[in-house]
Amino acid sequence: MRTIGLLTSGGDAPGMNAAIRSVVRTSIFNKLKVMGIRHGYNGLLNGEVMEMDVSSVADIIHRGGTMLRTARCEEFKTEEGLKKALNIINVFGIDALVVLGGDGSFRGARSLEELGIPVICIPCTIDNDMGYTDYSIGFMTAVETVVDAISKIRDTSTSHGRANIVEVMGRKCGDIALYSGLAGGAESIIVLETGINVDEVCKKIIQGRNRGKLHHIIVLAEGIKNPYEVSDEIKDKTGAEVRVTTLGHIQRGGTPTSFDRIMASRMGHKAVELLLNNKSGRALGMKCNKIIDISLEEALKVEKIFNKDMYNIAKTLSI
Ligand code: ADP
Ligand code: F6P
């Protein structure tokens, strides 16, 4: 094993750059060559491959996004696309691949593994929707961003005595809503995993108002119900003034937290270490502050369990 290929795929996540830096520098330290592939699997199909050196990853540890850029690529899911990818991998003499991304990217990596290419996957997604790991790179940074927004919204919510809906990302996973709702002291957290009960939210708004509460922050995970419809329902049932903020892609950018930088540095280092020990088809994760590796196949099977205890704590604390 002499040459490692490295790519970032799917939605970008803050901390990807720290992981890229770690893979590149650990490889070079161990006398391996690293080929950076731009624009994920799309770039792989187009041969967007360049050699990386120690200075090509200078000054990126603190930056959000991914210096390798990213993409989503439908062609890669086809047999033709995979064949094309295999050709490029051979042309550039790539012996193994490190893939940074979410579960979709992991599935792509597994297809390559099945064709005989050694791969290691590093979980990078703000959604934290992969069940085998406590955290994915980018999640904690996204939570910080949302908490910062909630604190600001709370100021104006209190001043006007309003209810404010803050819609957050997460695809089908409620973790961003749950963690940011708890940390931000939100009065209501609405996630797919527990379902939506607008009447319960309304009851809480009325009870809060009766005891002199000035604001009501509702964190709503995306994809459950249109936030403006929820807003109208609350207005009709409580008479409260309601405002909606959809945080959108703000949650995907920004400087990664130390937590994400450290986890990314540890995982990048571990990825190279595994390849040096002839291990492949592994997904890295974090469990109880330890960096773990499990088979890619298993990682893709582990169901994500919603933390109901944490949800109940948030409920208790927001009475
Ligand atoms: P994420 O990695 O963030 O979950 P996506 O689900 O969009 O993002 O997946 C990123 C890319 O991974 C896709 O655009 C596609 O190129 C590749 N991919 C996803 N699913 C598969 C699959 N089942 N087989 C092969 N490649 C896949
Ligand atoms: O998977 C990360 C994520 O930001 C989700 O939270 C969100 O649903 C989706 O990606 C948005 O994707 P796009 O990049 O297509 O806007």
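Preceding this paragraph is the structure being described.
Residues numbered from 1 in each chain as written. Chains lettered and ligands numbered in written order. Predicted model: local features only at pLDDT ≥ 70, side-chain atom pairs only at ≥ 80, totals over all residues. Heavy atoms only, no water.

Novice: Can you help me understand the site of ligand 2 in this one?
Specialist: Surveying the vicinity of ligand 2 reveals the residues R72, I126, D127, M169, G170, R171, E222, H249 and R252. G170 is positioned with one of its backbone polar atoms (N or O) 3.1 Å from an oxygen atom of ligand 2. Contact distances for ligand 2 include 2.8 Å between an oxygen atom and a side-chain N or O atom of R252. In isolation ligand 2 has 400 Å² of accessible area, and contact with the protein removes 74% of it. A per-class count over the shell around ligand 2 returns two nonpolar, two polar and five charged. When residues of the shell around ligand 2 are assigned to domains, at least three fall in each of domain 1 (3-138 + 256-301) and domain 2 (140-252). (Near = heavy atom within 4 Å. Polar contact = N/O pair within 3.5 Å; in protein donor to acceptor, adjacent residues only side chain to side chain. Areas by Shrake-Rupley, 256 points an atom, 1.4 Å probe, with all protein chains shown as cover. Nonpolar A, V, L, I, M, F, W, Y, C, P; charged D, E, K, R; others polar. Domains from an automatic or database assignment.)

Novice: It is not clear to me how helix α11 (residues 308-317) should be interpreted in this structure. Could you clarify?
Specialist: What sets the pattern is the α-helix's 3.6 residues per turn: residues three or four places apart point alike. All of the buried residues in α11 are M310, Y311 and A314. Projection of α11 onto a plane perpendicular to its axis shows the buried side chains occupying an angular sector of 105°, all on one side. Contacts from the buried residues of α11 go to α6 (175-184) and β7 (188-190). Of the residues flanking the start of α11, the one acting as N-cap is N307, its side-chain oxygen 3.3 Å from the backbone nitrogen of D309. (Buried < 20%, exposed > 50% of the residue type's maximum accessible area, 1.4 Å probe, protein only. Helix = DSSP H or I, 4+ residues; strand = E, 2+ residues; numbered from the N terminus. Arc of directions from axis to C-beta. Contact = heavy atoms within 4.5 Å.)

Novice: Honestly, the layout of surface pockets in this entry has me stumped. Any pointers?
Specialist: It is the rolling of a water-molecule-sized probe over the atoms that shows where space remains empty. Within this model, the largest pocket holds a volume of roughly 820 Å³. In this structure, the largest pocket is lined by 39 residues; those nearest its centre are G102, D103, G104, S105 and R171. When residues of the lining of the largest pocket are traced back to their parent elements, those giving at least two are α4 (103-114) and α10 (296-301). Element by element, the count of residues in the lining of the largest pocket is highest for α4, at six residues. (1 Å grid on protein atoms, 1.4 Å probe; cavity = no way out; pocket = protein on both sides within 12 Å on 5 of 7 lines; lining within 4 Å. Points joined across faces, edges and corners; volume = space filled by probe spheres on them.)

Novice: Which parts of the structure should I look at to understand the sheet that holds β7?
Specialist: As a general point, the strands of a sheet are linked pairwise by backbone hydrogen bonds and lie either parallel or antiparallel. Reading across the sheet, the four strands line up as β7-β8-β6-β9 and stay open at both edges, with parallel pairing between neighbours. Every other strand in the sheet has two partners, leaving β7 and β9 (242-246) as the edge strands with one partner each. Pairs of neighbouring strands in the sheet enclose a mean axial angle of 20°, with direction left out of account. By the bridge criterion, three bridges tie β7 to strand β8 (residues 216-221) in an arrangement that is parallel. Residue pairing in the sheet places I190 in a bridge with L220 of β8. (Pairing = 2+ DSSP bridges. Axes fitted to C-alpha atoms, helices over the stretch in contact; angles between N-to-C directions.)

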